[in-house]
Protein chains: 2
Amino acid sequence: LTPLPLLLNRIKASGLKLRFCTNETQATREKFVKKLQGMGFDISVAEVTAPAPAACRILKERSLRPHLLVHDDLVPEFAEIDKANPNCVVIGDAAENFTYANLNEAFRVLIGLEKPVLISLGRGRYYKETDGLKLDVGAYMKALEYACDVQAEVVGKPAKMFFESALAEMGVPPQQAIMIGDDIVNDVGGAQQCGMRALQVRTGKYRSVHTLHLHPMGAIMEKGEIN
Amino acid sequence: LTPLPLLLNRIKASGLKLRFCTNETQATREKFVKKLQGMGFDISVAEVTAPAPAACRILKERSLRPHLLVHDDLVPEFAEIDKANPNCVVIGDAAENFTYANLNEAFRVLIGLEKPVLISLGRGRYYKETDGLKLDVGAYMKALEYACDVQAEVVGKPAKMFFESALAEMGVPPQQAIMIGDDIVNDVGGAQQCGMRALQVRTGKYRSVHTLHLHPMGAIMEKGEIN
């Protein structure tokens, strides 16, 4: 079995285009990339498609000023966004920031809007950390959806728009790309709905029966031959 | 306008049977009744139908041992219930107990069961307190439902079983009872689905457009003439 960092080097060396797609919302891309570099991956921030930058594009396009219910480490991704007098809520995997007070505060912002807008940086159910399983952003998204009778706009995987922006950044049509990931819904399902082929790897969270959401990192690459 | 405590006295004096139906899950019935007595209501614990005792009946019938995610003040209602080695989760309006850690713990109990059982003491979206709107038990119920892919069994209003047990305790068939309450869904809708007639009062949380859930107390009474 070839270690993943070496495999990725071979893909890059073959001249195929490659892009990393993550639903990571507990850290900036900078921090995320540093972690992967430390594990031996040849990866740069410019090669990463992540929910927070995708959300920022939407916020700018629609003149939305977010109230953020996100992890402290993700806040810098929204540095250039006007957050005064919020007219929407952006929810990410806020982890310890998912307090009773913070959830009530986000709820009050939403319910106070004439037309509540909830943008969610993913729809994961739960994930595993060293100290056990944790509820993911999707669970808290559902709580706010129910309380405000709204449907969240999900900007992470498996949203079609997320894969489309990754493809646009690569300059590759879906038919010429393949998605590789360990999550049957977020990676494989999302890519297929976008017209891509997809490949599920049996590493990470892969289980034969059901699938755990472990903040997966998938990769889209141009189809071709790996040398 | 006759004050509510006086009106209830007249109903009782007329010989009609009366029962108080509440979704209150932030306190024991004892505490709840004391509060109402302080407001001038002639009411005893035996006249109150509330979600926690209804849940206890279900737990006993089905040999379920709950992990409790409820308000501290509600715990005494479950004093006689075996809670060792839990095989279900009971969720109420836990308020400050809705912490990130407590929600993860309840989730881990549920996801660790072969067939997760989630019993919810209500499905309210939110309610108002002096310091603002708060998410109600229904929102957190939805979070756990989504994370575990289960459907909660709701034992408070508007559950049919809840009204049926109140009627059974009164010894009155639904056709001979009327439900009075301020909540169009939990009071009026629930009673009507049970075959009762229902009457919405324009007090408490009543709004012409939408309905706030303010831990309503409704009352079922036998149909007849009030002297």
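Here, every reference points to the structure presented above.
Read on for a plain summary of the structure. Keep in mind the model is a prediction, meaning the values are calculated, not measured.

**A short note on helix H3 (residues 51-61) of chain B**
Residue and element names in this part refer to chain B.
And step 1. With 8 of 11 residues buried, H3 is to be regarded as a mostly interior element.
And step 2. Taken together, the buried positions of H3 are occupied by Pro51, Ala52, Pro53, Ala54, Ala55, Cys56, Ile58 and Leu59.
And step 3. Packing partners of the buried residues in H3 comprise strand E1 (18-22), helix H2 (29-38), strand E3 (66-69), strand E4 (88-91), strand E5 (118-120) and helix H6 (160-170).
And step 4. Directly beyond the C-terminal end of H3, a positive phi value near 50 degrees is found at serine 63.

**Digging into the pattern of salt bridges**
Residue and element names in this part refer to chain A.
And step 1. Here the structure, examined in full by the defined rule, presents 22 salt bridges over all chains.
And step 2. Note that lysine 12 is salt-bridged to aspartate 42, the shortest N-O span being 3.6 Å. Of this pair, lysine 12 sits in helix H1 (residues 4-13) while aspartate 42 sits in the loop between helix H2 (29-38) and strand E2 (48-49); the two residues are 30 residues apart in sequence, bridging distant segments of the chain.
And step 3. For glutamate 169, the salt bridge is made with arginine 19, and the minimal N-O distance between the two is 2.8 Å.

**A short note on the side chain of threonine 49 of chain B**
Residue and element names in this part refer to chain B.
And step 1. As for its position among the elements, threonine 49 is in strand E2 (residues 48-49).
And step 2. Residue classification places threonine 49 among the buried positions, given a relative accessible area of 3%.
And step 3. Side-chain polar atoms of threonine 49 contact the side chain of arginine 19, separated by 2.6 Å.
And step 4. The contacts of threonine 49, once residues within four sequence positions are left out, are Arg19, Phe20, Cys21, Thr22, Phe162, Ser165, Ala166 and Glu169.

**What about the sheet that holds strand E4 (residues 88-91) of chain A?**
All names here are of chain A.
And step 1. Pairing is parallel in the open sheet, where 4 strands are placed in the order E3-E4-E5-E8. Both outer strands of the open sheet, strand E3 (66-69) and strand E8 (153-154), are each paired with one neighbouring strand and no more.
And step 2. Inspection of the sheet shows strand E5 (residues 118-120) paired to E8 by 2 bridges, in the parallel sense. Bridging from a neighbouring strand, isoleucine 119 pairs with glutamate 153 of E8.
And step 3. Against the sheet, helix H3 (residues 51-61) touches E3, E4 and E5, its axis set at about 155 degrees to E5.
And step 4. Here helix H4 (residues 100-111) sits on the sheet and contacts E3, E4 and E5; the angle it forms with E3, its principal contact strand, is near 160 degrees.

**Comments concerning the interface of chain B and chain A**
And step 1. Across the contact, 28 residues belong to chain B and 28 residues belong to chain A.
And step 2. Overall, the association of chain B and chain A removes approximately 2,700 Å² of surface from exposure, summing both partners, and the carbon and sulfur fraction of that is 63%.
And step 3. On the chain B side of the interface with chain A, the three residues burying the most area are Tyr100, Leu135 and Tyr146 of chain B, jointly 32% of the side's total.
And step 4. Across the contact surface, chain B and chain A share 8 residue pairs in polar contact (both at pLDDT 80 or more).
And step 5. Listing elements by their share of the side of chain B that touches chain A, those giving two or more residues are helix H4 (100-111), strand E6 (126-129), strand E7 (132-135) and helix H5 (137-148) of chain B.
And step 6. When residues of the side of chain B that touches chain A are assigned to their parent elements, the largest contribution, 8 residues, is made by H5 of chain B.
And step 7. The residue makeup of the side of chain B that touches chain A, split by class, is 16 nonpolar, 4 polar and 8 charged.

Calculation criteria
Residues numbered from 1 in each chain as written. Chains lettered and ligands numbered in written order. Predicted model: local features only at pLDDT ≥ 70, side-chain atom pairs only at ≥ 80, totals over all residues. Heavy atoms only, no water. Buried < 20%, exposed > 50% of the residue type's maximum accessible area, 1.4 Å probe, protein only. Helix = DSSP H or I, 4+ residues; strand = E, 2+ residues; numbered from the N terminus. Contact = heavy atoms within 4.5 Å. Salt bridge = Lys/Arg side-chain N within 4 Å of Asp/Glu carboxyl O. Polar contact = N/O pair within 3.5 Å; in protein donor to acceptor, adjacent residues only side chain to side chain. Pairing = 2+ DSSP bridges. Axes fitted to C-alpha atoms, helices over the stretch in contact; angles between N-to-C directions. Buried area = accessible area lost by both parts, 1.4 Å probe. Nonpolar A, V, L, I, M, F, W, Y, C, P; charged D, E, K, R; others polar.

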